[in-house]
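Results of the structural survey
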Amino acid sequence: MQPSVLHKLESLSERFQEVSALLSDPEVIGNQGRFRSLSMEYAQLEPVMGCFRDWREACAARDSARELLADPELRELAAEELRAAADRAEALELELRRLLLPRDPHDSSNIFLEIRAGTGGDEAALFAGDLLRMYSRYAEIRGWDVEVLSESEGEHGGYKEVIARVVGQGAYSRLKFESGAHRVQRVPETESQGRIHTSACTVAVLPEVDEVEASPINPADLRIDTYRASGAGGQHVNKTDSAIRITHLPTGMVVECQDERSQHKNRARAMSLLASRLLEAERERQRSEQQATRKSLVGSGDRSERIRTYNFPQGRLTDHRINLTLYKLEEIMAGALDPVIDPLISEYQADQLAALAGEA
């Protein structure tokens, strides 16, 4: 292991012992805020320290087996133990490097999921509805909640645009690589001659911004309009002007929310979405100014980038960023997204590890 990595692990080990002691301190226990903060830090350090302990034990076993090689009677047994210990030490070192990778501060955040129909007319709108169902079922599998904040329905079903809030631990960490253009190839229901059409939708995944993180928004920069929510009828249609449309005047950015019956709740949701969009726009501006030359193996997340193709006649899904092809499209559309998401995360981590090794 490189000295710089070992030094960092030793420092973390000292901090882990310090945090363990503090959590037993009656004064800390009586301070709920500090106790909660230290408990979170302990939970983050514990898997790293467990892996570090196992790595040390594997290294000690490897060194002991190497010493036994000098004994002719034990050489064969020692060689076998040496191989096993060396393999375990190598695997644990790789795991330690993964655990030490910089964490995205938004990985545990809720998200705003935005799906918009692109080229393809009615078929693109129908596919947008299919994508929303796919993500909603995936959220259900993982125990997350999905709230539709705003929707513009297609003339023959689906959505021209739909924005949802996904609430759940780790939602952003699992879905952040979904941003981009999703292409579908299939025979539309309205196609009488059985020809395959190609349509597309764009997906954007934005982390929900905490109030303490979001830059203050000047009320003078906002125009807030209220209107009566539209919907399928019945109990879903408000009889008061509870829907909210907020326009950010300096940028022209517009957000709407009509999901809640309460105007105050709709306004709060719309303000949160606006803050997330403004933050994402600022991040994009900074990325452009910095002109970063290194590109992640999983793509840049640019919405215009074609990231995935859903081929229904062949039952095939292809993720073009990592050349992943799966012939289980029906299962994936039913919410079984992990076989797609896990390889994307692995490729991203491999890219980070390569960069870390190059910097060390």
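Each chain has its residues counted from 1, following the order in which its sequence is written. Residue-level local features of this predicted model are given only where pLDDT is at least 70; pairs of side-chain atoms are given and counted only at 80 or more, and the full residue set underlies all totals for whole chains, interfaces and linings. Excluding hydrogens and water, the side-chain values take into account all heavy atoms of the structure.

1. Points about the overall build of the chain
Across its full length, the chain carries nine helices and eleven strands. A total of 360 residues make up the chain; the buried ones form 41% of that total. Within the chain, contacts between residues at least 6 apart in sequence are counted, and of these 62% link residues at least 24 apart. Where accessible areas are quoted, they stem from the Shrake-Rupley method and a 1.4 Å probe; at the residue level, only the protein chains shown are allowed to cover. For the chain, the accessible surface area stands at approximately 20,300 Å², while carbon and sulfur atoms represent 48% of it. Counting from the N terminus, the helices are DSSP H or I runs at least four residues long and the strands are E runs at least two residues long. For the exposure calls, accessible area comes from a 1.4 Å probe over protein chains only, and a residue counts as buried if that area is under 20% of its type's maximum, exposed if over 50%, partly exposed in between. Any two residues whose heavy atoms approach within 4.5 Å at even a single point are treated as in contact.

2. Observations regarding the packing of aromatic side chains
Ring geometry is summarised as follows: Phe, Tyr and Trp rings, the Trp one being its six-membered ring, pair when their centres sit within 6.5 Å, and such pairs are stacked at plane angles under 30 degrees, edge-to-face over 60 and tilted between the two. Tallied over the full model, the rule gives five aromatic pairs. Their ring planes at 15° and their centres at 6.0 Å tell us that F52 and W55 sit as a pair that is stacked. Of the two residues, F52 and W55 both sit in helix α3 (residues 32-68), three residues apart, roughly one turn of that helix. Neither F52 nor W55 differs from the other in exposure class; each is buried. On the numbers, 5.2 Å between centres and 70° between planes, the contact of F127 with Y310 is edge-to-face. Of this pair, F127 sits in helix α5 (residues 122-141) while Y310 sits in strand β9 (residues 306-311), and the two are 183 residues apart along the sequence. Taken as a pair, F127 and Y310 share a single burial class, namely buried. Think of it as a cone above the ring: NZ of Lys or CZ of Arg counts as a charge over the ring if it is within 6 Å of the ring centre and within 35 degrees of the ring normal. One Lys or Arg, R186, reaches over the ring of F312 and ends 4.9 Å from the middle of that ring.

3. Regarding the side chain of R308
On the secondary structure map, R308 appears in strand β9. Assessed through its relative accessible area of 0%, R308 is described here as buried. Nitrogen and oxygen atoms within 3.5 Å of one another constitute a polar contact, given that in protein one can donate a hydrogen and the other can accept it, and given that sequence-neighbouring residues count only through two side-chain atoms. A polar atom in the side chain of R308 sits 2.7 Å from the side chain of E178. When near neighbours in sequence (up to four residues on either side) are disregarded, R308 contacts Y135, E178, A181, H182, R183, L317, T318, D319, H320, R321, V340 and L344.

4. Examining the side chain of N110
Along the polypeptide, N110 turns up in the loop between α4 (75-99) and β1 (111-117). Note on N110: relative accessible area 17%, which makes it buried. There is a polar contact of 3.0 Å between the side chain of N110 and the backbone nitrogen of G168.

5. Quick look at the nonpolar core
Grouped together as the largest cluster of nonpolar side chains are 37 residues, with contacts concentrated most on I115, L131, Y135 and Y310. Going through the elements one at a time, β1, α5, β3 (159-167), α6 (171-175), β5 (197-207), β11 (324-326), α8 (329-333) and α9 (338-359) are the ones with two or more residues in this core. Sort the elements by how many residues they give to this core and α5 lands first, with eight residues. Leaving out residues up to four positions away in the same chain, Y310 has contacts with F127, L131, M134, H182, R183, V184, Q185, R316, L317, L329 and M333. Throughout, nonpolar core names a set of buried Ala, Val, Leu, Ile, Met, Phe, Trp, Tyr and Cys residues whose side chains join them through atoms within 4.5 Å.

6. Section: the confidence of the model for the chain
Interpretation of the predicted coordinates at a detailed level should be avoided for regions scoring low in pLDDT. Known as pLDDT, the predictor's confidence for each residue is given on a scale from 0 to 100. Across the chain, pLDDT averages 83, with 86% of residues at or above 70. Taken together, the stretch residues 232-237 has pLDDT below 50 and engages in four contacts with residues farther than four places along the chain or on a different chain. Long-range and interchain partners of residues 290-304, a stretch whose pLDDT sits below 50, account for 33 contacts in this model, where long-range means more than four residues apart.

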